[in-house]
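Observations on chain architecture
Below are the chains, spelled out letter by letter.
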Amino acid sequence: KDFFLGYRKVDLKDDEVLLSVILPWTRPFEYVKEFKQAHRRQDDIALVNAGMRVHITEAEGNWIVSDVSIVYGGVAAVPLTAGKTESFLVGKKLDYGLLDEAFNLLKEDIPLAENAPGGMVEFRSSLTLSFFFKFFLYVTHEMNTKGLSEGLDVANMSAIQSYTRPVTTGTQGYELVRQGTAVGQPMVHLSAMLQVTGEAEYVGDTPTPPNTLHAALVLSKEAHARILSIDDSVAKFSPGFAGLFLSKDVPGANNIGPIRFLQKKNIGPIIHDGEVFASDVVTCVGQIIGIVVADTHDNAKAAANKVNVKYSELPAILSIEEAIKAGSFHPHTTRCLSKGDVELCFASNTCDKVIEGEVQVGGQEHFYMEPQCTLVWPVDSGNEIHMISSTQAPHTHQKYVANVLGLPLSKVVCKTKRIGGGFGGKETRSVIFAAAASVASYCLRRPVKIVLDRDVDMMTTGQRHSFLGKYKVGFTNDGKILALDLEIYNNGGNTLDLSLAVLEHAMLESENVYDIPNIRASGKVCFTNFPSNTAFRGFGGPQGMLIAENWIHHMATELRRSPEEIKELNLHSDGTVLYYGQLLQNCMIHSVWDELKASSNFVEARKAVNVFNSNNRWRKRGIAMVPTKFGISFTTKFMNQAGALVQVYTDGTVLVTHGGVEMGQGLHTKIAQVAASSLDIPLSCVFIAETSTDKVPSASPTAASASSDLYGAAVLNACQQIKARMEPIASRGNHKSFAELAEACYMEWVDLSAHGFYITPDIGFDWNAGKGTPFNYFTYGAAFAEVEIDTLTGDFHTRKADIVMDLGYSINPAIDIGQIEGAFIQGLGWAAMEELKWGDDNHKWIRPGHLFTRGPCSYKIPSVNDIPLNFKVSLLKGVPNPKAIHSSKAVGEPPFFLASSVLFAIKDAITAARAEEGHLDWFPLDNPATPERIRMACVDSITKKFASVYYRPKLSV
C-alpha cells in the first residue's frame, strides 16, 4: 500500500529495480474482482477503476468478512484505499443491510473536490459506489453457488453479467442500374490498394528540396489579451533557427480575405475575417502570432517555444450563454424565417398542449487522419509561388496566399493529389497555415513545409459548431404539430469563417421531415474567445435536426405516446411547401420510413425490448427510429458551378482534371466512371489527374455533398463535346477500338480536348424575404438503432443499426454504402462519444479558453469495437432522381445525422431505468451521450447521493 508515493512516483530507489510482483493464489471463499469505466470501451484509460478482494470465513455458524481490500484508481494522484470502509466490513456478514453505511463510508474514503482534475465529479463519485455494489452482488452470487447465501433474483443478475462482444455482422442491400460501361457498378475505389498498402502519397510524403525549411507556429496562450511585447532573443540562438515572421513581415495584406454580406440588390460591407498574424490583440488561445522556420521540424518547434510573448489580459467570452448575456454576436448575422402566424396559434385555443425547452448541442473534432499541412516554394526567384496543400479548396488557398503576398492569382498555383480526410475542416481553416508558411517562403526565397502536430491542429483549427436551441411547440392531443417558435445560436468563435452559412443551413433543416403550419425561426452567430468553428460534415444540418428530434421526443413524453408515432403522423408528403417556400418534389420519406419499419421489424423489436427491461434491473435496452431530409446544393448560389478538363490521347486513354478534391470519399472513382460510360470505354482507360488551380480555375470547395453532381456533370459536358467532334469520323465505322478512333481523329485535326462546365439550375434564396429554393433536391433516409446500457456505470453498446436511404440510381453502390457506413460511425461519435472540453465556468480545472481534449488520449473517436453488432444498410430501389447526373443522389453528408438514432435509443433505455424509480417525466439528454450523461440520468439511490434527479452535466458550448 505504501509503494505508490505520488503521481507517477513509486518507492523505488535509484539503485533498485523492480524484480518481481507476486500475485497469490486465492484461498477458498476469497473473491477478487476488477472494475473499469472509460469514455470508450476499448483502448482507453480509465475514468475510474477499482480492484476489490474479500475473504469470507465461517464463525459461529455465520459467514463473515475476515479480510477485505478496496482500492480505487482515477480518483487521486495515487490509488486510494477505502480504509474506513474496509474496517467497517471486517467481522460483518455481507448482506444488503450494510450497503447504505458502506456507501456513506466510501464517500468519506474517496472524496472528490468540486474542482478535481478531470472533472465529472458527481459521475466519478457515483462510480465508486456502483463498483462496490457490483462487487457485493458478485460475491453474493458466488457464495450462493456454494449454497452459503441467498441467491440474486433474475433482475439483479444483470448487474454482474460481463460483456462479451460477438463478431460483428453486416448486410448491404442495393440494386444495380448499369448505365454504359461503368456507371451503376460497385467498382473498387481507384486508389484503394495504394491506400491500404501505405503507398498512396500525401503532402507529408512529397520529396522536398535539400534547402527546405520546416515551420512551427508561435501561438497565443491567452483567450483574450493585448500583446505587449514579442521577444525572440533566445529563439534566435536555437539550433537550426532560420527566421521568425510576424505581422510586420507580411508583404501583402495581413488578413485571410474579405467576407461580403450579400444584400437584396447590392454587395454589403466588406469585413476582413481575421489576421494571419495577430498584430495587437489576440482573441483566442491558439491564435497565430508568428511563424518560426528552422532546418528541421523539431528545431522549429523548439525555437517557437522560446519566443516569449507578454500580454495584458482582457475579459473573455467562453460560452454561448455568456455571449447571449453580453450581446456578443458577429455583425450582420441575425437571420429570421417564418411561415403562418405563430403568435396567433399560441394565443388561440387551437393548441391542446404547449411545451418549452432548451437543447444543448455539442461540437466535434474533425480528427482527419492527415493533419493540416502545406509545402510551399518560390519559383523564378519568388516571382511565382507554388504549393502542395492538404485542402478541400485549392482555389481558396491560391486566392488568399496571393492576397497575403501581394501577387496576382495567375502567379500562385495550388495542387492537391489527395488528402487524408477533411470532413469540412480543410475547407477554409487550412488557408491560414498555408498563408503563414508562404510569408516565410516568399521572404527567404526557400521552400517551407508546415505540418501541424495533432495537439496544435486540434487547438487551432476549430470544430463542428456547438449550438443552443430554445423551442416552444404547440400541438394537439392527437400529436399533430401546429406551431414552432425556435431560437438557435451557434458558437462562431473568434472569427466569422463559415458560421453564418452554418447557421442558415441549420435553420433550413430545423423542421427536419415534419409538416408544421406555423413556424418562426430566428438565429444568431455568437462571438466567443475560442478558435473559429467551421464546416463539418452536415454543415449545421445535423444540429438543426437534432433540436427538432428533441422537441418531438418531448412531445411524445407529454402525450405518453411513442416518438415514432408522432413522427409518422407529421411526415412531409410530395407537394409540401416548406416553411421557406421550396416545393417538395419526389419526396420519398414515407417510402423510406415504411421500408425501415419492415426491415427492422420495429413492432416486434419494441416488444422484445420491453420484455428484456422487465427482467433486468441494472441493464436496459432501448430502440429508436430517426428520419432525415438533407438539402443538396451550396446555399451560397454562385458556388454551385464546376469546371473540368478532359483530354483524349491517341492510345485511347483519357486524362480528366476537375476542380474537386479526392479525400477518400471516392469522388475520383465516380468521375472516372462517368467519363468511361460517356466515352464507352473501360474504366481502366480513364485516369484522374491531381486537382490544380492552373488546370481548372476558380473551383468551389469540395463540400456540401455536391461534388459528384457538379464535377460529374462538368466532365460529362466535356465528354459530350469531344464525342460530338468525333462523331463524323466514328460514323464511318472504320475503327475497331476507341484508340483507333482517337488516332483517326487526331490525323484529321479533331480537337480531342474539351473544357466542361456545369451550373446547378433553378436555385436561389433571398434571406431578406426569407423565401426561395435553396436546394436542388433532397436526399432522404431513416435509421433504426437498438442499444444496451449498464445503468450503474453508463457503459453502452449498439446492438443493431438498420439504415434505409434514397440515393436514386447510385453511380457506385459500393462507394455509396461505404459513405453511409462511415458517416453513421462518425455520427455515432458526435451523438454518443466525442466530447470537447474547454476551460470555462463548467470546467474550472482547465485554464480559461484552453482545450483539454487535444489528442487521442483525452478525445475519443469510435473504434472498430463501437461498430454496431448487426449493421444493415439498404438503398431504396426503383427511385431515379431527375435532378442530378445519371439519376443519382448525393451521399456524403445526409447519413451522418442518422446516427442520432443511437442517442435516442440510449434515451429510450434510460427512460426505462428512470421508470424503475418512478420518474416518468421529460428529461434532457444532450449529445454526446457519454457514460457520464447516461449514468447520471439513470436515477437511483446511488446517484441521489451526489446529484438531483434532474442533474444535467454541462457541455462546453
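Residues numbered from 1 in each chain as written. Predicted model: local features only at pLDDT ≥ 70, side-chain atom pairs only at ≥ 80, totals over all residues. Heavy atoms only, no water.

Things to note about unusual backbone geometry
A cis geometry characterises the amide bond from Asn927 onward to Pro928, with omega recorded as 0°. In this structure, Phe367 is a non-glycine residue whose phi angle is positive, near 50°. When you line up the elements, Phe367 lands in the loop between β17 (353-361) and β18 (373-379). Positive phi values are uncommon outside glycine, yet Asn601 reaches one of about 50°. For Asn601, the location among the structural elements is in the loop between α15 (589-600) and α16 (602-615). On the basis of relative accessibility, which here comes to 44%, the residue Asn601 falls in the partly exposed class. (Helix = DSSP H or I, 4+ residues; strand = E, 2+ residues; numbered from the N terminus. Buried < 20%, exposed > 50% of the residue type's maximum accessible area, 1.4 Å probe, protein only.)

So, the UniProt feature "binding site: FAD" (unreviewed entry) in the protein
UniProt feature "binding site: FAD" (unreviewed entry): in the numbering of this structure it lies at Leu18 and Lys36. On the basis of their most widely separated C-alpha atoms, the annotated residues across 19 residues do not gather in one place, lying as much as 25.6 Å apart. Its place among the elements puts Leu18 in the loop between β2 (9-10) and β3 (30-37). Excluding anything up to four places from it in sequence, Leu18 contacts Phe3 and Leu12. Its location among the elements puts Lys36 in strand β3. Lys36 sits in the partly exposed class, given a relative accessible area of 45%. Lys36 has contacts with Asp44, Ile45, Ala46, Val48, Asn49 and Phe131, leaving out every residue within four places of it along the chain. A polar contact of 2.5 Å, which involves the side chain of Lys36, links it to the backbone oxygen of Asp44. (UniProt positions renumbered as here; feature names shortened; annotations may be inferred. Contact = heavy atoms within 4.5 Å. Polar contact = N/O pair within 3.5 Å; in protein donor to acceptor, adjacent residues only side chain to side chain.)

Focus on the sheet that holds strand β33 (residues 777-790)
Spatial strand order, β7-β35-β34-β33-β25: five strands in an open sheet with mixed pairing. Of all the strands in the sheet, the pair left with one neighbour each is β7 (169-173) and β25 (619-632). When the angles between neighbouring strand axes are averaged without regard to direction, this sheet yields 10°. With five bridges connecting them, β7 and strand β35 (residues 870-875) associate as parallel partners. For Thr169, the partnering residue across the bridge sits in β35 and is Asn870. Sheet strands in contact with α16 are β25 and β33, and its direction is about 145° off that of β25. (Pairing = 2+ DSSP bridges. Axes fitted to C-alpha atoms, helices over the stretch in contact; angles between N-to-C directions.)

Considering the UniProt feature "active site" (unreviewed entry) in the protein
Under the present numbering, the feature "active site" (unreviewed entry) in UniProt falls on Glu893. Inspection of the secondary structure puts Glu893 in the loop between β35 and α21 (900-916).

Here's the deal with the sheet that holds β3
A sheet is described by the order of its strands in space; here four strands give the open sequence β3-β4-β5-β6, paired in antiparallel fashion. Both outer strands of the open sheet, β3 and β6 (80-81), are each paired with one neighbouring strand and no more. The pairing of β3 with strand β4 (residues 48-59) spans eight bridges and is antiparallel. Opposite Lys36, over in β4, you have Asn49 as the bridge partner. Helix-sheet contacts for helix α3 (residues 121-145) involve β3, β4 and β5 (62-73), and the interaxial angle to β3 is about 150°.

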